[in-house]
Structure formats: structure tokens, C-alpha cells
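# Coordinate analysis (summary)
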Amino acid sequence: MNFNKDTNQAYLYIAPAVILVSLICIYPIIRTLIMSFTDNDGLNPANFIGFDNYIKLFLDPNYIIPIKNTIIWTVLATVFPVSIGFLFAYSIQFLPRSNFFQILIYIPATVSAAAAGVLFGFILDKSGLFNQVLALIGFEHLNRDWLFRAPENTYSMIGAYTWQATGINMMIFLVGLQGLPKEPMEAAKIDGAKGFTLIFKIVIPMIMPYFVIASLLALINSFRIFDSVWVMTMGGPGRYSETLAVTMYREGFIIFDLGYAAAVAVLISLVGLVFSYYYLKSVLTKEDVS
Amino acid sequence: MNYKTKEKVNLTVGYIGMIIVVMAWIYPVFFLIVNANKTASQYSKGDKTEIIFGTAFIDNAIKAWNKGIGDGVVNSLIYGFCGSSLAVIFAFLAAFGIVRLKMKNGLLWFLLIYSGTVFPFQMYLLPLFEAYVAIGIYNTKFGLILMYVSICIPFATFVLRGFFLTVPWELQELAKIEGASNLQILYKIMMPLAKAPLLLVFLIQFTWIWNDLLFGMVLSRSTSVRPVTSALVGMQNLYAQMDGPTILMATVMASIPTLVIFLLLQRHFIRGLTLGSMGTGKG
């Protein structure tokens, strides 16, 4: 009898959380989905137009650029942070008392994407630090306005993003490496495995679950990249460095083609959800094991 | 003997290599601090790698504070504290209800709450903006706090649910027999046990709110409401060409709180971060 009373009381306990999440998170998701099938422009009554927004997204040549940029971002902003993060973690765990290195390497990851974007705006400026250092080591002919020329700007921004996104990957791999049993490594070393053989044949297969988690997390974040691009180039010049998340913001809040912006948001979500599904699956199985 | 010397040489080479790499890695931060301590003309005309010992940073800090970063810092402190603590309280209640009061369909309720963090934020923006304008909370502190609280609840519930699953049931049964109400159990027994996870979740969510740019951009406009990140970006657009060091100083000021939180927590962060980045990544 007490039991029933508790279950009813429980509704009161979850009520604030459920109400807030429903209003602020779940309602907008449904509304965006509906909006994506309309020609909503924020002023006139919206008409249902079926899949027109989605068709436009794939046929309009203007949107090839953001789609292409988003693919470049997704690939490179996953590969670089994950692999550099692994290299840092791998080297650090050979050095005793290297906690200090770890903290220093992680510092860029504590800074907001906005702050890092502003900082790299200065570094990559025409008269900024990067060009000065290039000139100093004899590559003055490479000097250029890194954020105002395509495709250099996308690659420069991915570089700046990598600086920021590597820390978290290093931490993930440090956890993975510290949990490894020592015996297989020792055995392999006695058998003469060294350097890259050791890394690729022994270490990486052993911490594969961590590679999967780190990569999926990086994919999720890089596919919807917004902050870094917005702060450093606003997608410009023209729309040459735009990514889909920037397109969504521009269409929704500057051009006010809400229906179209909603369709872009849904597209980002569909791809994001696929990554998220596998991410959650691998994180949750990891949790159960440990 | 020979093996040991070799090992030592290897370690020394390793350390030296690592020091060089880490110095290069952290150099942008060094650049930031050094150049935040220059006057506008020293920066624009001079060598960016040069270190100038002076007190220009005081001037720059005052200018940066008055040109917008001050309002931003104050606003974001409010959003961080209110948003994160309320989210933690609501999530604590919800997780307690779901796990400890053995809710019927508890898992489904949990998934409903958790679904709030699975979608990319792009899915929230348009309807939130529309609704905020319609009910008159666009560009208000209340509106931003409401949004930050709600968006932080799913992850906080996720972590605290995990915590409640680990607390032994005997404690609760015993208190029940002694006649304690559920609220008393929550407050007197669970709360002291949950101090560590509560603090961890609070700090992780505080960091996320502090670093958020997108929602601040979409839901606020005026300097008295916008968070620190929007303030910084707004200042960059206005003054970066004219007065670089002031903007660099503003960047330093906008980065200190999250840096301090990381240094305090360090490794405890990882677990939370890997899970938390789901909804609260840097995208």
C-alpha cells in the first residue's frame, strides 16, 4: 500500500523536469520537423509544401558549398583531434610524473569556441602571428589572408578547432591506456615489437572501444560545427566557408526562410542521430562493463 | 646497467621532445597573454612575438570591461549559477522519483527526459525564438535562464540516475520504518551522499552554459542580457581592427572561470565530459 503512494508521489518529483524538457526541448523538435514541410517565412501564413525544402537543399547549386564544407569538416575535424589526442596520450603515459604536460595540453579545451575563435582571428590575420612566424622561418611567400581566402579558410579553421578539440580526446585515451593490462605489451616488447608495430598491432586494437567513442563524439561535434566558423569567418567571404549549421542560422535568422532553415536543421539532426545512436550504444556498453 | 642507462637516455630524450611539443602547443595562449599587455599601437605596428613588460593590461582590462565584457561576465555568472543549480535540483528530484520511488515505467520517463539532449541544437532554435518573441521573454534574463535550466536537465538526470542506482536500499528501508517521509529521505540521507556528483554536475553544466554561444545569439540582443560569449564576439566585430589588445584582454577575461573550474576538477572531469559532450559539445 505504501508502495502505491510512492509511485504516485513520484509524479510530483519528476514533474518539473518533465515539464521543462517538454516545453523547451521536445516541443521545438516537433515544431521544427513540421516547419520543414512549410514555406513559413515568419510573416505570412505558412503553407504545407511537402518535400520542396528538402528537394531544394539537394538541387540548388548554392548549397553544394556548405554541404562540401561540412563533409570536409566532419572528416578532418575528426581525424586530426582524435589522432593527435591519441599521440599525446600515448607519449605521455611513457613519461613518469607527466601530469603537468597533460594539464597544459588540455588548457585550450577549457576555453570556449568563441574565445578560441577570437584568438585565432588575431593569429591568422594578414598581419598576424602566423604569417610573421612563417616569414621568420623563410616561408614569407606563403603569407596570405588565411581567413579570407577559400579554401584556405576552412582548413585554417579546422586547424584552430583541432587545437581546441584535441584535449578531450587525449583525456579519453589516457583513461583507456591506463586501464590496459600490462602483460600483452610486455610480451610484445620482449618479442621485439617496437614503435609503430607496437602501436598498430598491439595498443590500438586493445583500446579500440575508446577509439570508437572518441571518433563518434568527434563526428557528432564536427558535423554540426557552428561556433568556430561563425566567430572566425561568419561563413564568408561570400558563403565560401559556410557549413550546414551556419546555413541553418543564416536562412533562419537573417533571411527568414524558416521552412528552409528547418529542413537544414532536420538534415543535420538525421545525420547527427545516426552518430549519436552508435555513440550512446558504445558508451553504455562501456559503462556496463566497468 | 647498460639497459638502465639506455632507459635513462630514452626518458631524457622523451622529456625534451615533449617539452618542445607542449611549448609549441601552448604558444597561442602565451601569445594571447603577452599581447593583451600591449597598447593598441604597440600591437599593430610591432612584432607579435615580442614580450613587453608594462602595465598596459590594466588599461586594457578596464576598457574591455566597460566596452561590453563586464556586462557579459556578470550575465553569464548569473546564467551559470541559476541555470546550473536549478537544473541540478530538478534533475535530482526527477532521478530520485524515477529510481528510488520505483516509478512505474521509470525507464520510459527517464528516456523522455534524456531525449532532450540527443538532438543537435539546430532543432531547437527556430521554435524557441518564435515562442520567446510571442510570449515576450525574448531578450530577457528570465528567458535565457529558463532555456539553460531546461537544456541542462537531461544530462544532469542521466548522471544522478546513475548515482541513485548505486545507493544501497537498506538505508532507505530503515528510514521508512522510522517514519521518514520521502522528502526527508531525499534531503537528509541522499543529499549528503550525493555531494560529489551534485558538485561535479553543477560545475560541468556551469562550464557548458558559460561557453554557449548559439542560444545567447538567438535568444538575446541587448548588452544587458547577452552572455559573455556573444559579448566577446560582438566586441570583436566592432573593435578588433582598431584595438587588438583590448579584445585579447577581453578574451582572457572570458576564459578565466572555465579554466579555474578545470584546474580544480582536472581528471574528475573526464567521465562527465565524455558523457556530457553528447548534448553539450563544442559545435
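Keep in mind that what you see is a predicted model, and the values were worked out from it rather than measured.

Here is what the cut-offs are and how they apply
- Residues numbered from 1 in each chain as written.
- Chains lettered and ligands numbered in written order.
- Predicted model: local features only at pLDDT ≥ 70, side-chain atom pairs only at ≥ 80, totals over all residues.
- Heavy atoms only, no water.
- Helix = DSSP H or I, 4+ residues; strand = E, 2+ residues; numbered from the N terminus.
- Rg over C-alpha atoms; globule rule 2.2 N^0.38 Å.
- Buried < 20%, exposed > 50% of the residue type's maximum accessible area, 1.4 Å probe, protein only.
- Contact = heavy atoms within 4.5 Å.
- Areas by Shrake-Rupley, 256 points an atom, 1.4 Å probe, with all protein chains shown as cover.
- Lys, Arg positive; Asp, Glu negative; His and termini not counted.
- Charge placed at Lys NZ, Arg CZ, Asp CG, Glu CD.
- Buried area = accessible area lost by both parts, 1.4 Å probe.
- Salt bridge = Lys/Arg side-chain N within 4 Å of Asp/Glu carboxyl O.
- Polar contact = N/O pair within 3.5 Å; in protein donor to acceptor, adjacent residues only side chain to side chain.
- Nonpolar A, V, L, I, M, F, W, Y, C, P; charged D, E, K, R; others polar.
- Expected span 1.5 Å × (residues − 1).
- Bend = angle between axes of the 7 residues up to and from the residue.
- Patch = residues over 30% accessible without salt bridge, like charges linked within 9 Å, V, L, I, M, F, W, Y side chains within 5 Å.
- pLDDT = per-residue confidence, 0-100.
- Core = buried A, V, L, I, M, F, W, Y, C linked by side-chain atoms within 4.5 Å.

Tallying secondary structure elements over chain B gives 13 helices and 0 strands in all. When the helices and strands of chain B are listed from N to C terminus, the series reads α-α-α-α-α-α-α-α-α-α-α-α-α. A compact globule built from 283 residues would reach a C-alpha radius of gyration of about 19 Å, whereas chain B, at 24 Å, exceeds it by more than 25%. With respect to the principal axes defined by its C-alpha atoms, chain B has extents near 75 × 75 × 30 Å. Residues counted as buried form 54% of the 283 residues belonging to chain B.

Attention now goes to the overall build of chain A. Within chain A, the regular secondary structure consists of 13 helices and 0 strands. Starting at the N terminus, the α and β elements of chain A follow one another as α-α-α-α-α-α-α-α-α-α-α-α-α. Structurally, chain A occupies a C-alpha span of about 80 × 75 × 30 Å along its principal axes. Put simply, chain A has 290 residues, and 56% of those count as buried. For chain A, the proportion of contacts with a sequence separation of at least 24, taken over those separated by at least 6, is 66%. Working note: accessible area of chain A is about 13,000 Å², and carbon and sulfur atoms make up 70% of it. Charge separation in chain A, taken as the distance between the mean sites of 17 positive and 18 negative side-chain charges, equals 7 Å.

Contact residues are listed per partner, giving 94 residues for chain B and 98 residues for chain A. Interface of chain B and chain A: buried area, both sides summed, is about 8,600 Å²; carbon and sulfur atoms make up 75% of it. B:Glu130 is the salt-bridge partner of A:Arg31, the closest N and O atoms lying 3.0 Å from each other. Along the contact surface separating chain B from chain A lie 10 residue pairs in polar contact (both at pLDDT 80 or more). With 14 residues, the top contributor of residues to the side of chain B that touches chain A is helix H1 (residues 2-36) of chain B. Of the residues that constitute the side of chain B that touches chain A, the class distribution is 62 nonpolar, 23 polar and 9 charged.

This next bit is on the pattern of salt bridges. For the coordinates displayed, the defined rule picks out 8 salt bridges over all chains. Ionic pairing is found between B:Lys63 and B:Asp243, a salt bridge with its closest N-O pair at 3.0 Å. Within this pair, whereas B:Lys63 is found in helix H3 (residues 56-100), its partner B:Asp243 is found in the loop between helix H11 (228-239) and helix H12 (244-265), the two being separated by 180 residues in sequence. Classification of B:Lys63 by relative accessible area gives partly exposed; the value is 31%. Residue classification places B:Asp243 among the buried positions, given a relative accessible area of 6%. A single network of salt bridges, built from pairs that share partners, joins A:Arg239, A:Glu242, A:Arg250 and A:Glu251.

We now examine H12(B). All names here are of chain B. A rise of 1.5 Å per residue sets the reference length of H12, with its 22 residues, at 32 Å; its end C-alpha atoms lie 32 Å apart and thus fit the reference within 8%. Taken as a whole, H12 carries its principal kink of about 40° at Ile256; the proline Pro257 stands between one and four residues after it. Burial analysis of H12 places 16 of its 22 residues in the buried class, which makes it a mostly covered element. Looking one or two places after H12, you find Gln266, whose phi comes out positive at around 40°.

Here we come to the side chain of B:Asn182. Mapped onto the fold, B:Asn182 is located in helix H8 (residues 182-193). With a relative accessible area of 4%, B:Asn182 lands in the buried category. When near neighbours in sequence (up to four residues on either side) are disregarded, B:Asn182 contacts A:Asp6, A:Gln9, A:Tyr13, B:Phe96, B:Leu101 and B:Lys176.

All names here are of chain A. Where nonpolar side chains cluster on the molecular surface, the patch consists of Val133, Leu136, Ile137, Phe139 and Leu142 and spans about 460 Å² of accessible area. With respect to the helices and strands, Leu136 occurs in helix H6 (residues 129-136). In this structure Leu136 comes out as exposed when scored by relative accessible area, which is 69%.

This brings us to the confidence of the model for chain B. Here chain B averages 87 in pLDDT, and 93% of its residues register 70 or above. Counting interchain partners and residues more than four positions distant, the pLDDT-below-50 stretch residues 275-283 of chain B has 40 contacts.

As for its position among the elements, A:Thr70 is in helix H3 (residues 64-92). Excluding residues that lie within four positions of it along the chain, A:Thr70 makes contacts with A:Phe223, A:Thr243 and A:Leu244.

Bringing the nonpolar core into the picture now. Counting 193 residues, the largest nonpolar core has A:Phe86, A:Phe173, B:Ile69, B:Tyr124, B:Met147, B:Phe164 and B:Phe215 as its most contacted members. In terms of residue count, the dominant contributor to this core is helix H6 (residues 141-166) of chain B (15 residues).

Glancing now at the environment of B:Phe215. All names here are of chain B. Positionally, Phe215 belongs in helix H10 (residues 214-219). A sequence separation of 93 residues divides Phe215 from Gln122, and the C-alpha atoms of the two residues are 9.8 Å apart. With near-sequence residues (within four places) excluded, Phe215 lies in contact with Phe121, Tyr124, Leu125, Leu128, Leu144, Met147, Ile151, Trp208 and Ser220.

Residue and element names in this part refer to chain A. Structurally, the position occupied by Gly235 is in the loop between helix H11 (227-232) and helix H12 (244-253). For the pair Gly235 and Thr154, spaced 81 residues apart in sequence, the C-alpha to C-alpha distance is 9.1 Å. Apart from residues no more than four positions distant in its own chain, Gly235 is found in contact with Val229, Tyr240, Ser241, Glu242, Val246 and Arg250.

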